[in-house]
Amino acid sequence: ERRITQVLLNLVGNAIKFTDAGEIVVRVINSGGEFLVSVTDAGPGIAQEDQQRIFEEFQQSSSSLKKGGTGLGLSIAKRIVEMHGGRIWVQSTLNEGSTFFFSIPIRAEQSARTA
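This one's a predicted model, so the numbers in the text were calculated from it and none came from an experiment. (Residues numbered from 1 in each chain as written. Predicted model: local features only at pLDDT ≥ 70, side-chain atom pairs only at ≥ 80, totals over all residues. Heavy atoms only, no water.)

Asks: Mind showing me how you'd approach the environment of Gln 91 here?
Replies: Summarising the element assignment, Gln 91 is placed in strand 3 (residues 87-93). Between the alpha carbons of Gln 91 and Thr 40 there is a distance of 9.3 Å; along the sequence they are 51 residues apart. Beyond its immediate chain neighbours, meaning those up to four positions away, Gln 91 contacts Gln 51, Ser 98, Thr 99 and Phe 101. (Helix = DSSP H or I, 4+ residues; strand = E, 2+ residues; numbered from the N terminus. Contact = heavy atoms within 4.5 Å.)

Below is the structure:
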């Protein structure tokens, strides 16, 4: 639970950092045995050629270099999501904002009761 919260806070924090005007929208959907989470911002967007590498350690998009950071947040988020059996990705258009998604399986565990 804490690790998934860490991923969500990272994505929301990035959205806040890169959105100078406009809205940020967080959505969570229970779909087909998994949670699908999206964070949409009205920031500068991410160039197509940067969209895969931003999930690697110490990598940033050209638009994020002006805002600072280490380039570790998304790589850590990716590792956490994948450790939980999920995946993370981005859809973005330059000058139109970005939507970061992650999905994780819903695992409801039943605890054994002893009498």
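Asks: In this structure, what is going on with the sheet that holds strand 3? I would like to understand it.
Replies: On the basis of which strands lie adjacent, the open sheet formed by 4 strands has the order 1-2-4-3 and antiparallel pairing. Bordering the open sheet on either side are strand 1 (25-31) and strand 3, each of which pairs with just one other strand. Each adjacent strand pair in this sheet contributes to an overall mean axis angle of 15°, direction not counted. By the bridge criterion, 7 bridges tie strand 1 to strand 2 (residues 34-41) in an arrangement that is antiparallel. Bridging across to strand 2, Ile 29 finds its partner in Leu 36. The strands touched by helix 1 (residues 2-18) are strand 1, strand 2, strand 3 and strand 4 (97-105); relative to strand 2, the strand with the most contacts, the crossing angle is about 20°. (Pairing = 2+ DSSP bridges. Axes fitted to C-alpha atoms, helices over the stretch in contact; angles between N-to-C directions.)

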